[in-house]
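Fold and contact review
For reference, the chains in residue letters:
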Amino acid sequence: MADIEVYKKSPGEFDLGQRRARRAMRSQVIMFSLMIFLTLTSFTIVIASNAEVIGFSKYYVIPVIMLFAAVQVGLQLYYFMHMQEKGHGIAAMFMFTGALLAFLIVLTFVTIVWWN
């Protein structure tokens, strides 16, 4: 039978772990609240665009909804997929590079279509 070494945390290490866990949980709750706010705001804009009183233009609604969607995707990948933690630098670099390339490709095609 192999000997198992048990490591007991000191009170200082335990308190540090507790503080880090509380900080991480607070960050997760704040980001979740922000996601809900952006979603509700998007729904409100779409509902307001169909209302006869306000009637936002589709040229306003579509870019705003797309912007909110991009912000939500970025925040969800960064916070909920733990990209902000150490050791995720390469994955984050590939993610941001892919997002930049996708944006540039879409911008290129929109520009080509616009000028023709």
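These numbers come from a predicted model, not from an experiment. Counting starts from 1 at the beginning of each chain's written sequence and moves along it residue by residue. Two thresholds apply to this predicted model, a pLDDT of at least 70 for residue-level local features and 80 or more for giving and counting side-chain atom pairs, whereas whole-chain, interface and lining totals are computed over all residues. Side-chain metrics rest on all non-hydrogen atoms present in the structure, leaving aside hydrogens and water.

Some words on the nonpolar core
Selection rule: Here the nonpolar core consists of buried residues drawn from Ala, Val, Leu, Ile, Met, Phe, Trp, Tyr and Cys, with membership extended through side-chain atoms lying within 4.5 Å. For each residue, the accessible area found with a 1.4 Å probe, counting protein chains only, is set against the maximum for its type, and the residue is called buried under 20%, exposed over 50%, and partly exposed in between. Only DSSP runs of H or I reaching four residues or more are called helices, and only runs of E reaching two or more are called strands; each is numbered from the N terminus. Residues are treated as being in contact if the distance between any of their heavy atoms lies within 4.5 Å.
In this structure, L38, I45, V61, V64 and F68 together form the largest nonpolar core, which totals five residues. Counting residues per element, the ones that place at least two in this core are helix 1 (11–50) and helix 2 (58–80). Here this core gets three residues from one element, more than from any other, and that element is helix 2. Discounting residues that sit within four places of it in the chain, V61 has contacts with I45, V46, S49 and F56.

A word on the confidence of the model for the chain
Low-pLDDT stretches of the model should not have their predicted coordinates read in fine detail. Using the following cut-off: On a scale of 0 to 100, pLDDT captures the predictor's confidence in every residue.
Mean pLDDT over the chain: 84, with 92% of residues reaching 70 or higher. Summarising per-element confidence for the chain, the mean pLDDT is lowest in helix 2 (84) and highest in helix 1 (88).

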